[in-house]
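Residues per chain are reported as follows:
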Amino acid sequence: MTSEQQNPLAVDKISSLILRFSVPSIIAMLVSAVYNIADQLFIGNAVGTLGNAATNIAFPLAMMCTGLGLLFGIGGAASFNLHMGAGKKERAPYFVGNAITMLLTVGILLFAITELFLNPLLVGFGSPADVLPLARQLSSLRCRGVARNAARSLCVLNETLYYLSPDGVMAWDGSIPAKVSAALDAGRLANVKQAVGGLQEF
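A brief look at the structure comes next. Please read all numbers here as calculations on a predicted model, not as lab measurements. (Residues numbered from 1 in each chain as written. Predicted model: local features only at pLDDT ≥ 70, side-chain atom pairs only at ≥ 80, totals over all residues. Heavy atoms only, no water.)

## A look at the overall build of the protein chain
Within the protein chain one finds eight helices and four strands. The secondary structure elements of the protein chain, listed N-terminal to C-terminal, are α-α-α-α-α-α-α-β-β-β-β-α. A burial count over the protein chain gives 23% of its 202 residues as buried. In the protein chain, 43% of the contacts between residues at least 6 apart in sequence involve partners at least 24 apart. (Helix = DSSP H or I, 4+ residues; strand = E, 2+ residues; numbered from the N terminus. Buried < 20%, exposed > 50% of the residue type's maximum accessible area, 1.4 Å probe, protein only. Contact = heavy atoms within 4.5 Å.)

Okay, here's the thing in structure tokens:
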């Protein structure tokens, strides 16, 4: 039996092939849709309408990342498969390399643009002033966890956890950590950093 006869793409009916390969894709799309709906439910209950608005404002950035990944990923895979099927096995790997190179290049470029122009982008996506801080927090790549050597900075006041993060003093009430460093002057913030120095990472 030749390799062409063993390959189901060469011998099976088109209808059965469509059913076999489309059903997993449909299920994956449904799971993604259910995830987005559940995400909105949890954010709406924990944060409120401003949280839902912030996720909608940040959504275009996520779609840009997904779209660029699909563009070069599926395009490179399709070109690789077409050349392999045409018997051009020496040229096919170049498309994989090109896809990986473009993914890395565009990813770094998108990261730089987002970090430099995040506020104008969010405003351009329609963010009002009261939603902008939450949308920026959702879109930012900055770590919101406890900073190194900052275990002593954790304290609870009125059911809200306050701690020192790499991005400043944060307040967490069970929803999205909010930066509160703006309410502290330079002396108070310096005292916080000095008080937590010399401890192990929490």
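## Here's the deal with the packing of helix H4 (residues 49–85) against helix H5 (residues 92–116)
To describe two helices that pack against each other, one gives the angle between their axes and the distance between the axes. Here H4 crosses H5 at 170°, and the two axes come no closer than 8 Å. The angle between H4 and H5 falls in the class roughly antiparallel. Where H4 approaches H5, its residues Leu61, Met64, Cys65, Leu68, Gly69, Phe72, Gly76, Ser79, Phe80, His83 and Met84 are matched on the opposing element by Ala92, Pro93, Phe95, Val96, Ala99, Met102, Leu103, Val106, Leu110 and Thr114. For the contact of H4 with H5, the class distribution of residues is 16 nonpolar, five polar and no charged. (Axes fitted to C-alpha atoms, helices over the stretch in contact; angles between N-to-C directions. Parallel < 35°, antiparallel > 145°, perpendicular 65-115°, else oblique. Nonpolar A, V, L, I, M, F, W, Y, C, P; charged D, E, K, R; others polar.)

## Looking at the layout of surface pockets
Taken as a whole, the largest pocket holds about 690 Å³ of empty space. Of all elements in the fold, only helix H3 (14–46), H4, H5 and helix H7 (132–139) reach the threshold of two or more residues within the lining of the largest pocket. The greatest single-element share of the lining of the largest pocket, amounting to ten residues, is contributed by H4. Taken together, the residues of the lining of the largest pocket sort by class into 13 nonpolar, nine polar and two charged. (1 Å grid on protein atoms, 1.4 Å probe; cavity = no way out; pocket = protein on both sides within 12 Å on 5 of 7 lines; lining within 4 Å. Points joined across faces, edges and corners; volume = space filled by probe spheres on them.)

## Concerning H7
For H7, the full list of buried residues reads Leu132, Leu134, Ala135, Gln137 and Ser139. Where the residues of H7 are buried, they touch H4, helix H6 (118–124) and strand S4 (178–179).

## Points about the pairing of strand S2 (residues 160–165)
Two faces make up the sheet, and in a regular strand the side chains alternate between them. Across three bridges, strand S1 (residues 155–157) lies against S2 in antiparallel orientation. Residue pairing in the sheet places Cys155 in a bridge with Tyr162 of S2. Where S1 folds back on S2, the antiparallel hairpin that results is connected by two residues, among which Asn158 adopts a positive phi of roughly 55°. (Pairing = 2+ DSSP bridges.)

## Thoughts on a nonpolar patch on the surface
Residues Leu19, Val23, Ile27 and Val31 make up a contiguous nonpolar surface patch of roughly 360 Å² in combined accessible area. Tracing the chain through its elements places Leu19 in helix H3. (Patch = residues over 30% accessible without salt bridge, like charges linked within 9 Å, V, L, I, M, F, W, Y side chains within 5 Å. Areas by Shrake-Rupley, 256 points an atom, 1.4 Å probe, with all protein chains shown as cover. Salt bridge = Lys/Arg side-chain N within 4 Å of Asp/Glu carboxyl O.)

## Description of the nonpolar core
Among the nonpolar cores identified, the biggest contains nine residues, and these are Ala54, Ile57, Leu61, Leu118, Leu122, Val131, Leu132, Leu134 and Ala135. Elements represented by at least two residues in this core include exactly H4, H6 and H7. Setting aside residues no more than four positions away along its own chain, Ala135 makes contact with Ala54, Ile57, Ala58, Leu122 and Ser127. (Core = buried A, V, L, I, M, F, W, Y, C linked by side-chain atoms within 4.5 Å.)

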